[in-house]
Amino acid sequence: MVTVRNLSSTNYVRIVERTLIPSEAVMLFGLPDVGLVGVIAASHIISELELEEVAYMDTDLLPPMIVLHKGTPHMPLRIFGNEKILLAVSEVALPADAIHRIMRFLVEWGKQKNVKIMIPMGGIPTPNRQELVEPKVFAVASTPQLVGWLEGKNEWQGRKLDKPFEILREGYMVGPYALVLQYCMQQNIPAVSLLAQAFYNYPDPQAAAMVLKELSRVIEIGIDISQLLEKGEEIRLKARDIMKRTERELTKMRKAQEYDIPLYV
Amino acid sequence: MTPESRKRSIFELIREYMRAIEEEIEERVREFFEERPSWNPRTCTLEPLCNVFVTPNEVIITADLPYAEENDIEVKPLNENLVEIKAKLKRKICFRDLGITHHKGEFSMFYCQVHIPVAVESNRRKVSFRNGILEVRLPRKRGYKIKIE
């Protein structure tokens, strides 16, 4: 089944669906950002849960490239999934000047598929990261009700959390996940972003593992992170080039604003 | 066209011109420094990811060195503005280990030269290696104090 949608007349954007997309799934995001936390976490989920490619984005907003896997071409921005999960993952740094259109399109597609909740997985740049034994994970939610749920104060969809999440209360968010939360808030789609303390521009598999540990409390899935931690050095070696290109795009997005102290009087 | 609108359009033109120059410079810098492989099979070296932070008292260089052995890391000032980092890998890495079959070669070391933007006392450097991250701290050279009258 193929869905073709054009968002604007100037740029070509469509999501091609390879199989029937389940309704009311959980939609995860693993996009290149600080420490490549989301991409590393997404790759691990794909291999652990043996997710299949269910759709891909076909657009001229991305660089003219394909990714080769097992000798065949693939689009760099793909959606993997099973009957319960949809996972958007990009193997290319998202160009800063196209980020709004790409993210708006992905969120709209998710809304069309009636997803239950959107969960962007990522990192918070932390200057003293190498001094941390275990990075902490913070949560950001799209509505006050979800914030209450994450704090363990109220129920959400018949569930109450035993252990509260640490909430990112004040500050700035910049980049693809800021937009997911913005569009979800505007369109009343539940969204919870999980962000681990991470290196700004070094691939951070440990931060990705911490996000996955916390993810299992939000959507009740079991993901073994031991393999991910074991393969840490290999991941850091392989991810150098995409990290470098991602850093360049983050600079264009003024990602360093996340260090800024907000003015609330 | 009123004098005001003519003035505005000239500023607009200058701004556009400046923006074009900035983009051109950025592109050239990127081509020169970044659009090249992060590996060199001739020297058997890989280029690590590096950062340089300048603080009021010191310059901090960090580098991500997976597979590096703490005892086989060498940090050497080449001149006043350049520090060389060499780190031997625990084992040789070939392209096949990185999932690539269309290139040949193997790598035994991380190598890079890091530019230091301010004057430092490189002989007073402190080097540490924790969780695969190298940190080099170089105290900044002290200048003279400006007397406030």
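The preceding data block contains the structure.
Residues numbered from 1 in each chain as written. Chains lettered and ligands numbered in written order. Predicted model: local features only at pLDDT ≥ 70, side-chain atom pairs only at ≥ 80, totals over all residues. Heavy atoms only, no water.

> Looking at this structure, I do not really get the overall build of chain A. What am I missing?
Helix and strand counts for chain A stand at eight helices and 11 strands. Whereas a compact globule of 265 residues would reach a radius of gyration of roughly 18 Å, chain A reaches 17 Å, a difference of no more than 12%. Principal-axis analysis of the C-alpha atoms places the extent of chain A at approximately 45 × 40 × 40 Å. Relative to its 265 residues, chain A shows a buried fraction of 59%. Split by element, the accessible area of chain A, about 11,900 Å² in all, is 51% carbon and sulfur. (Helix = DSSP H or I, 4+ residues; strand = E, 2+ residues; numbered from the N terminus. Rg over C-alpha atoms; globule rule 2.2 N^0.38 Å. Buried < 20%, exposed > 50% of the residue type's maximum accessible area, 1.4 Å probe, protein only. Areas by Shrake-Rupley, 256 points an atom, 1.4 Å probe, with all protein chains shown as cover.)

> How do you make sense of the interface of chain B and chain A when you look at a structure like this?
Think of interface size as the accessible area that goes away when the parts come together; that is how it is often given. Residue-level contacts link 28 residues of chain B with 19 residues of chain A. For the pair chain B and chain A, the summed buried surface comes to about 2,200 Å²; carbon and sulfur atoms form 47% of the total. Put simply, chain B and chain A have two salt bridges between them. Lys90(B) is the salt-bridge partner of Glu233(A), the closest N and O atoms lying 3.1 Å from each other. Those elements that provide at least two residues to the side of chain B that touches chain A are α1 (3-34), β3 (49-54), β4 (58-64), β6 (82-94) and β9 (133-139) of chain B. Partitioned by chemical class, the residues of the side of chain B that touches chain A number 13 nonpolar, five polar and 10 charged. (Contact = heavy atoms within 4.5 Å. Buried area = accessible area lost by both parts, 1.4 Å probe. Salt bridge = Lys/Arg side-chain N within 4 Å of Asp/Glu carboxyl O. Nonpolar A, V, L, I, M, F, W, Y, C, P; charged D, E, K, R; others polar.)

> What's the story with the sheet that holds strand β1 (residues 39-40) of chain B in this structure? I'm lost.
Think of a sheet as strands paired side by side through backbone hydrogen bonds, with each pair either parallel or antiparallel. One open sheet holds the five strands; their spatial order is β1-β2-β7-β6-β5 (chain B), and the pairing between them is mixed. Single-partner strands in this sheet number two, and they are β1 and β5 (68-79) of chain B. (Pairing = 2+ DSSP bridges.)

> Before we go on, may I ask you to explain the nonpolar core in this structure?
General note: in soluble globular proteins, nonpolar side chains tend to be found buried as a group. Core analysis: the largest hydrophobic core is formed by 98 residues, its most contacted members being Met103(A) and Leu215(A). Counting residues per element, this core draws most heavily on helix α5 (residues 205-219) of chain A, which supplies nine residues. Not counting residues up to four positions away in its chain, the partners in contact with Met103(A) are Phe29(A), Leu31(A), Leu94(A), Pro176(A), Leu179(A), Val180(A) and Tyr183(A). If you look at the next biggest cluster of nonpolar residues, it comprises 27 residues, including Leu237(A), Leu89(B), Phe95(B) and Leu98(B). (Core = buried A, V, L, I, M, F, W, Y, C linked by side-chain atoms within 4.5 Å.)

> Would you take a moment to explain the pairing of β6(B) for this structure?
Sheet faces and side chains relate simply in a regular strand, where the side chains alternate between the two faces. Residues and elements named next belong to chain B. Bridging between β5 and β6 involves seven bridges; their strand directions are antiparallel. Each residue of the ladder has a partner; that of Val 75, found in β6, is Ile 85. Following β5, the chain reverses through two residues before pairing antiparallel with β6. Bridging between β6 and strand β7 (residues 106-115) involves nine bridges; their strand directions are antiparallel. Bridge pairing in β7 links Leu 82 to His 115.

> It is not clear to me how the sheet that holds strand β11 (residues 192-198) of chain A should be interpreted in this structure. Could you clarify?
Residues and elements named next belong to chain A. With mixed pairing, the nine strands of this open sheet are ordered in space as β1-β3-β6-β7-β2-β8-β11-β9-β10. Among the strands making up the open sheet, the edge pair consists of β1 (13-17) and β10 (166-167). Direction of pairing for strand β8 (residues 117-125) relative to β11: parallel, over a ladder of five bridges. Paired with Gly 122 across the two strands is Leu 195, which belongs to β11.

> Please clarify how a nonpolar patch on the surface should be interpreted in this entry.
Taken together, the side chains of Ile10(B), Phe11(B), Ile14(B), Tyr17(B), Met18(B), Ile21(B), Ile25(B) and Val29(B) present a nonpolar region at the surface, about 770 Å² in accessible area. Note on placement: Ile14(B) falls in helix α1. (Patch = residues over 30% accessible without salt bridge, like charges linked within 9 Å, V, L, I, M, F, W, Y side chains within 5 Å.)

> Got a minute to help me understand the pattern of salt bridges in this structure?
Working definition: two side chains of opposite charge can pair if their charged atoms are close together. If you walk through the whole model with that rule in mind, you get 25 salt bridges over all chains. In this structure, Arg159(A) engages Glu220(A) in a salt bridge whose closest nitrogen and oxygen atoms are separated by 3.6 Å. Residue Arg159(A) is located in the loop between α3 (144-150) and β10, and its partner Glu220(A) is located in the loop between α5 and α6 (226-230); the two are separated by 61 residues in the primary sequence. Glu220(A) sits in the exposed class, given a relative accessible area of 58%. Note that Arg36(B) is salt-bridged to Glu47(B), the shortest N-O span being 2.8 Å. One end of the pair, Arg36(B), is in the loop between α1 and β1; the other, Glu47(B), is in the loop between β2 (45-46) and β3, with 11 residues separating them in the sequence. Given a relative accessible area of 39%, Arg36(B) falls into the partly exposed group. Overall, the relative accessible area of 23% leaves Glu47(B) in the partly exposed class.

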